[in-house]
Amino acid sequence: MFVGVGASRVRDLFEQAKKHAPCIIFIDEIDAVGRQRGAGLGGSHDEREQTLNQMLVEMDGFNTDTNVIIIAATNRPDILDPALLRPGRFDRRVVLDRPDIRGREAILKVHIKGKPIAPDVDLSVLAKMTPGFVGADIENLINEGAILAARQNKKQISQKNFEESIERVIAGPERKSRLISEEEKRVIAYHEAGHAIVMSSMAEANKVQKISIISRGMAAGYTIAIPENDQVLISKNKMIAEIIGLLGGRASEEIVFNDITSGAANDLDRVTKLARKMVTQLGMSSDLGPLVYGKKDELIFLGKEFGEQRNYSDATAEKIDHEILKVVNDAYKQAKKILTKYRKKLDEVANKLLEVETLSKKDFEKIFPPPVEKNSGVPTIAT
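Below: a short report on this structure.

Definitions and cut-offs
- Residues numbered from 1 in each chain as written.
- Predicted model: local features only at pLDDT ≥ 70, side-chain atom pairs only at ≥ 80, totals over all residues.
- Heavy atoms only, no water.
- Salt bridge = Lys/Arg side-chain N within 4 Å of Asp/Glu carboxyl O.
- Helix = DSSP H or I, 4+ residues; strand = E, 2+ residues; numbered from the N terminus.
- Buried < 20%, exposed > 50% of the residue type's maximum accessible area, 1.4 Å probe, protein only.
- Axes fitted to C-alpha atoms, helices over the stretch in contact; angles between N-to-C directions.
- Parallel < 35°, antiparallel > 145°, perpendicular 65-115°, else oblique.
- Left-handed = near helix turned anticlockwise from the far one by under 90°.
- Contact = heavy atoms within 4.5 Å.
- Nonpolar A, V, L, I, M, F, W, Y, C, P; charged D, E, K, R; others polar.
- Patch = residues over 30% accessible without salt bridge, like charges linked within 9 Å, V, L, I, M, F, W, Y side chains within 5 Å.
- Areas by Shrake-Rupley, 256 points an atom, 1.4 Å probe, with all protein chains shown as cover.

1. Brief notes about the pattern of salt bridges
Enumeration according to the criterion identifies 13 salt bridges in this entry. Of the charged contacts in the structure, one is a salt bridge between Glu254 and Lys336, with a shortest N-O distance of 3.1 Å. Residue Glu254 is found in helix 9 (residues 236-257), and its partner Lys336 is found in helix 11 (residues 314-341); the two are separated by 82 residues along the sequence. When its relative accessible area of 27% is taken as the criterion, Glu254 is described as partly exposed. Across the pair Asp330 and Lys326 runs a salt bridge, and its minimum N-O distance is 3.9 Å. Here Asp330 pairs with Lys326, and both are found in helix 11, just four residues apart, close to one helical turn.

2. Quick word on the packing of helix 8 (residues 182-200) against helix 9
Two numbers describe how helix 8 lies on helix 9: the axes approach to 7 Å, and their chain directions differ by 135°. Relative to helix 9, helix 8 is oriented oblique. The two elements helix 8 and helix 9 meet at a crossing, and its hand is right-handed. Contacts from Glu183, Arg186, Val187, Tyr190, His191, Gly194, His195, Val198 and Met199 of helix 8 reach helix 9 at Ile244, Gly245, Leu246, Gly248, Gly249, Arg250, Ser252, Glu253, Val256 and Phe257. Its residues assigned to classes, the contact of helix 8 with helix 9 comprises eight nonpolar, seven polar and four charged.

3. Quick notes on the environment of Ala196
Inspection of the secondary structure assignment puts Ala196 in helix 8. Here Ala196 falls in the buried class, since its relative accessible area comes to 0%. Put simply, Ala196 and Gln209 are 13 residues apart on the chain and 9.2 Å apart in space, counted from C-alpha to C-alpha. Each residue touching Ala196, except ones within four places of it in the same chain, is listed here: Val208, Ile211, Thr223 and Phe364.

4. Thoughts on a nonpolar patch on the surface
Taken together, the side chains of Ile24, Phe26, Ile69 and Ile71 make up a nonpolar region of the molecular surface, amounting to roughly 410 Å² of accessible area. Listed by contribution, the elements that provide at least two residues to the nonpolar patch are strand 1 (23-27) and strand 2 (68-72). Along the chain, Ile24 falls in strand 1. Its relative accessible area of 56% is what places Ile24 among the exposed residues.

Okay, here's the thing in structure tokens:
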């Protein structure tokens, strides 16, 4: 409200801490006051910088007999001022990553306390079905399951309720009221069947868990494919398999209808980002070599990315575009090749989807068991 209030409050905080020593000061969202200095729009006398300067002074002013521990939390350690992170200040960094399968199971146990859970609920299965979920996602999942059970006038939350709530957290609620013409429904069925057949044909691709042509959120249909285990490192073959799988929907439309629709917009966006990342950030192009091209430029004061700072020539930019196009085009050809080979199965899966709207993993694999050559891995694309 007034200039200097932030700095005076920091002084008061540390005075109180010294009075109550031994104690712990915990500062949440430290990036609110700890952003890098010198990038503000208000010059050197920016109010935020005064608050940060005062904090740095107070942290340096501790005597050896001051029994105060300072802990801070942030989601953006990359934009903190270097002075905050030097030895003697916040010099120990504890990274809390997304929970692994055991972590997710433990978090599920915490959130189901006090809720009426049916005997058929298997938390280990739910933990396996939620790779990439953080604590907040898991809490949301449990609450959604409870709401679904209440809507169905059930006294207990079943496994089916939780599995349905996973889809709600990932893709949004079902939109059964959405009116779709029979022709559009057929296109969506072939699109989703294309994804599923292509993914299921490659050893490196994630396993198909469910296919549906019921609208959810902004998606007209969806195919859920999740990895069997948590992954820290993702191989080049795995990324190529993901690109081929994402292009399966568009390839299916072209093969069956000899036309393409706007339904693949999200798939193409993800494919382009993934191919660009492989070429420019992960050094997975044989022509461009193991180098990183481009550097993210950020307005630190506003906390927004301001585009990419180019550290390469126009000739290299042209090469990058060519390499990205080559990765995507080769993957698209591979997707079409797989679908041409399994065209009869594609028709069967699509027709079954039109009949029942949703296929589980078990139902899908009855129609299309994973091929024998699945063990041979993913077809290699030269990059």
